[in-house]
Amino acid sequence: MTGPKAPLSPALRAALWMIGSILAFSAMAIAAKQIGPRHDTFEIMTARSAVGFMLVLVLATATGKLQEINARNLGGHALRNIIHFTGQNLWFWALTMIPLAQLFAIEFTSPLWVVLLAALLLGEKLTNMRLFAAGLGFAGVLIVAHPDPGHLNIGVLAAAAAALCFATTSVVTKKLTAGISILCILFWLTLMQFFFGLAAALVDGVFHLPTAATLPWLCVIGLAGVTAHYCVTAALKLAPASYVMPLDFLRLPLIAVVGALVYSEPLDPYVIIGACVIFAGIWLNIRAEIKRSGQTSNQPQG
């Protein structure tokens, strides 16, 4: 008879959570692209937050964790959500102007900012492997996107600004996970951003209500948004931000394939080559983190 299986290391569990977030974020991008002609970014954010808020309440009630929702560190929640709301709207705006693969490629400068910001603001150790993995991921992004600086447009600039906002959000989220539950973070995320979105959407006096065609896509965006943030926050609870966020590079080749299959966006060999480089960086980072966490757990306690 064999003994009980050894539990998965925190690093591997964080990687699995990030795979869940990658799938959810990709689903959200597809849904948003479907309804872009009908709803502006603020309307999308409002609907997404409304659906997400209801899902969080249902989940908290079903799991008996309503007591985890509190107003501790409300300033931190507000800071996180203002930065994320700004970045998410810039992202949705860029989505209407540039191809999916290009948007994701620019967005994926975000993990590089996380590596640097986590070292500066969270005191995380900037190991050679984390730097190398982030560098490989960024090299893969450049291979996939092979950007032309001579053809910058407002969509590219919006995507770049969104990437910086997302990096800052990840660092603030990591700080919040110390002593605050995932459900509490999601509660304030959806509640605050609902009012942010509604106020911004009503500035021009026009709010397009969902139609029979757009309502299902808005529900997908709400469900995918909550799922993605739950997965990312769960990963950040298990491992350093400078390890977790570079895993998100894997979303680029995935969305490039989706763009080619669903929207007939061109898919060239650079996507395959870049995806291999990205995967190499992720694999090396995961192996190093698993080894590091194993060594830490085996150290004698005294």
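Residues numbered from 1 in each chain as written. Predicted model: local features only at pLDDT ≥ 70, side-chain atom pairs only at ≥ 80, totals over all residues. Heavy atoms only, no water.

Caption draft 1: Structural detail: the overall build of the protein. Within the protein one finds twelve helices and zero strands. Along the protein, from the amino end to the carboxyl end, the secondary structure elements read α-α-α-α-α-α-α-α-α-α-α-α. Looking at the protein as a whole, 48% of its 302 residues are labelled buried. Accessible area of the protein: about 14200 Å², with a carbon and sulfur share of 72%. (Helix = DSSP H or I, 4+ residues; strand = E, 2+ residues; numbered from the N terminus. Buried < 20%, exposed > 50% of the residue type's maximum accessible area, 1.4 Å probe, protein only. Areas by Shrake-Rupley, 256 points an atom, 1.4 Å probe, with all protein chains shown as cover.)

Caption draft 2: Broad picture of the packing of helix α3 (residues 74-95) against helix α7 (residues 154-176). Where α3 meets α7, the closest approach of the two axes is 8 Å, and the angle between their N-to-C directions is 155°. Comparing the axis directions of α3 and α7 gives the class roughly antiparallel. Crossing handedness for the pair α3 and α7: left-handed. Across the contact of α3 with α7, the residue classes break down as 15 nonpolar, ten polar and one charged. (Axes fitted to C-alpha atoms, helices over the stretch in contact; angles between N-to-C directions. Parallel < 35°, antiparallel > 145°, perpendicular 65-115°, else oblique. Left-handed = near helix turned anticlockwise from the far one by under 90°. Nonpolar A, V, L, I, M, F, W, Y, C, P; charged D, E, K, R; others polar.)

Caption draft 3: How the structure looks around the environment of Ile 278. Turning to its location among the elements, Ile 278 is positioned in helix α12 (residues 269-298). In this structure, the C-alpha to C-alpha distance between Ile 278 and Pro 246, residues 32 residues apart in sequence, is 9.2 Å. Not counting chain neighbours up to four residues away, the residues in contact with Ile 278 comprise Gly 137, Gly 140, Val 141, Phe 249, Leu 250, Leu 252 and Pro 253. (Contact = heavy atoms within 4.5 Å.)

Caption draft 4: Representation of the nonpolar core. Grouped together as the largest cluster of nonpolar side chains are 57 residues, with contacts concentrated most on Trp 91, Phe 92, Leu 103, Phe 104, Tyr 243 and Val 244. Ignoring any residue separated from it by four or fewer positions in sequence, one finds Phe 92 in contact with Met 28, Ala 32, Thr 41, Ile 44, Met 45 and Arg 48. Leu 176, Leu 186, Trp 188 and Ala 234 belong to the second largest nonpolar core, which has 17 residues in total. (Core = buried A, V, L, I, M, F, W, Y, C linked by side-chain atoms within 4.5 Å.)

Caption draft 5: Looking closely at the side chain of Thr 173. Its location among the elements puts Thr 173 in helix α7. Judged by its relative accessible area of 3%, Thr 173 falls in the buried class. Separated by 2.7 Å, the side chain of Thr 173 and the backbone oxygen of Thr 169 make a polar contact. Thr 173 has contacts with Arg 80, Thr 233 and Leu 236, leaving out every residue within four places of it along the chain. (Polar contact = N/O pair within 3.5 Å; in protein donor to acceptor, adjacent residues only side chain to side chain.)

Caption draft 6: Here's a closer look at the packing of aromatic side chains. Throughout the structure, instances matching the rule amount to six aromatic pairs. On the numbers, 6.3 Å between centres and 20° between planes, the contact of Phe 42 with Phe 85 is stacked. Pair noted here: Phe 42 is in helix α2 (residues 41-62) and Phe 85 is in helix α3, with a separation of 43 residues, a long-range link. Here Phe 42 falls in the partly exposed class, since its relative accessible area comes to 30%. (Phe/Tyr/Trp six-rings, centres within 6.5 Å; stacked < 30°, edge-to-face > 60°.)

Caption draft 7: Main features of the confidence of the model for the protein. When the pLDDT values of the protein are averaged, the result is 80; 89% of them are 70 or greater. Across the protein, the secondary-structure element scoring lowest on mean pLDDT is α12, at 70, and the one scoring highest is helix α8 (residues 182-201), at 91. (pLDDT = per-residue confidence, 0-100.)

Caption draft 8: Fine view of the packing of α2 against α3. At their nearest, the axes of α2 and α3 sit 9 Å apart, and the two run at 125° to each other. By the angle between their directions, the pair α2 and α3 is classed as oblique. Both α2 and α3 take part in a crossing whose hand is right-handed. Where α2 approaches α3, its residues Thr 41, Phe 42, Ile 44, Met 45 and Arg 48 are matched on the opposing element by His 84, Phe 85, Gln 88, Asn 89, Phe 92 and Trp 93. In terms of residue class, the contact of α2 with α3 is built from six nonpolar, four polar and one charged.

Caption draft 9: Broad picture of a nonpolar patch on the surface. The grouping of Leu 8, Leu 16, Ile 19, Leu 23 and Leu 254 at the surface amounts to a nonpolar patch, some 430 Å² of accessible area in total. One can find Leu 254 in helix α11 (residues 251-263). (Patch = residues over 30% accessible without salt bridge, like charges linked within 9 Å, V, L, I, M, F, W, Y side chains within 5 Å. Salt bridge = Lys/Arg side-chain N within 4 Å of Asp/Glu carboxyl O.)

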